[in-house]
Amino acid sequence: MTKKMNSKLENYKYRLITGLFTATTCIAASYATFFLFSRGVSDYETGIIVAVANITATLIAPVLGRLADKSRRISSKTLIVILSALQILVSVILLFNVPTFITSIIYCVLVMNVYLIMPILNAVSFQYGKKEIKIDFGIARGFGSLFFAITTFALGRCTGIWGANVIPIASIILNFVIFILAFRILPNEPLFGLKEIDSSDQVTRITGGAFIKKYPLFFVMLLGITLIMLFHNMSMLYFIRIVENVGCGASEMGIAISIAAVLEIPALFLYTKINKHISTRTLLIFSGFSFFLKGTLFCLAGNIWIVYLAQVLQLTSFGIMAAARVYYTHEVVDKEDEVTGQTFMNWSDTISSVLGSTIGGFLMSFSGGITVVLLVGTIICLIGAIIVCLVVFLGKKNS
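This section reports on the structure supplied with the text. (Residues numbered from 1 in each chain as written. Predicted model: local features only at pLDDT ≥ 70, side-chain atom pairs only at ≥ 80, totals over all residues. Heavy atoms only, no water.)

Attention now moves to the packing of aromatic side chains. The tally for this structure, following the rule as stated, stands at 11 aromatic pairs. Centroid distance W305 to Y308: 5.4 Å. Interplanar angle 85°. Geometry classified as edge-to-face. With W305 and Y308 both in helix α13 (residues 304-312), this residue pair falls three residues apart, about one helical turn. Judged by its relative accessible area of 64%, W305 falls in the exposed class. Of the residues examined, Y308 reaches a relative accessible area of 10% and is grouped as buried. Taking 5.1 Å as the distance between ring centres and 45° as the angle between the ring planes, the aromatic pair formed by F362 and F366 counts as tilted. Of this pair, F362 and F366 both sit in helix α15 (residues 338-366), four residues apart, roughly one helical turn. Looking at F366, the relative accessible area reads 54%, which means it is exposed. Taken together, F218, F219, Y328, F344 and W347 form an aromatic cluster joined through their ring pairs. A cation over a ring is seen here: R241 above F37, with NZ or CZ 4.5 Å from the ring centre. (Phe/Tyr/Trp six-rings, centres within 6.5 Å; stacked < 30°, edge-to-face > 60°. Helix = DSSP H or I, 4+ residues; strand = E, 2+ residues; numbered from the N terminus. Buried < 20%, exposed > 50% of the residue type's maximum accessible area, 1.4 Å probe, protein only. Lys NZ or Arg CZ within 6 Å of the ring centre and 35° of its normal.)

What follows is the structure, encoded as structure tokens:
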């Protein structure tokens, strides 16, 4: 009985810190264009900042992991405390009216740290696993969406009243809470603890080239998902422009993003049950065309209510895609290759974010604004959805 109670308590702790961290991603991503524009940074430059932050985090994360593997003094607690303290520092700097170039660099660090903390929180779950405590990722992710929705709604209201400086203030508050809670609730153990893994548990990793030859359809599917998520990242980064295009502002943007975040929750909580009745491949197709329909509604939107309606499709678009792509990898890749498969699937997030932010920024600045961005993004999304359909069809034909 005690063990069961401890397991529940640890799950609640993990959900709390995951929720708070996800709230900080709202600040770094959803309000990036709004904040940076208020400091004189163009839409194109914002795209470059987010792209550089993604690439830098991708390069630093493995180095951080290797460092943690070699040191018994570095724990998840240590890294999250350091990174959250750095977030507090850069957020304080953003409160001041520093030169635009400095603001760009500081905000780039803010976004980069968000992408660095994410894999560390994932690694924490493995530490709980060593203690025979099972972390429910679906519910933890649901808590993240709930915190994201609350934060987005609150920021939308507050920025409408007090302006863009609310964003770094919110970052300071949230990261300070994470800083304190990290001491209280995270296990103080080596991050990955690879030295403690028994040789019988080690997995032989397949090389990239051999993986591509072994799973060619997986990589075509990866291309389709990347194109779909490229549209998603592009539209989310410049969402303030979508809202402004129908005559509204930050307050309405907060409501719209909150609608999407809240509607992710049932999809995340119920995905396993849905998947028992509908195959993962069918769900991927359904998700892809839901993204396309969402883009079409954005393109046609003449008022904020159409934007809100499009956001309702988050339930069947991102809410399904977030889980389905992980399950698809698990289903089509052999057990001994799954770590590599999930790694490639995670890399698609980075690629789609980098391309979405840079292409979106270029189109925003040089090709007529958000209307062109949405049209190009929706076409790219349609191509991605068609590729997903073709892979599913060929997979059935070859099976």
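From this point on, the discussion continues.
This next bit is on helix α9 (residues 216-237). Spanning 22 residues, α9 covers 31 Å between terminal C-alpha atoms, matching the ideal 32 Å at 1.5 Å per step. Most of α9 sits inside the fold, with 17 of its 22 residues counted as buried. (Expected span 1.5 Å × (residues − 1).)

Any functional reading would require information that these geometric values do not contain.
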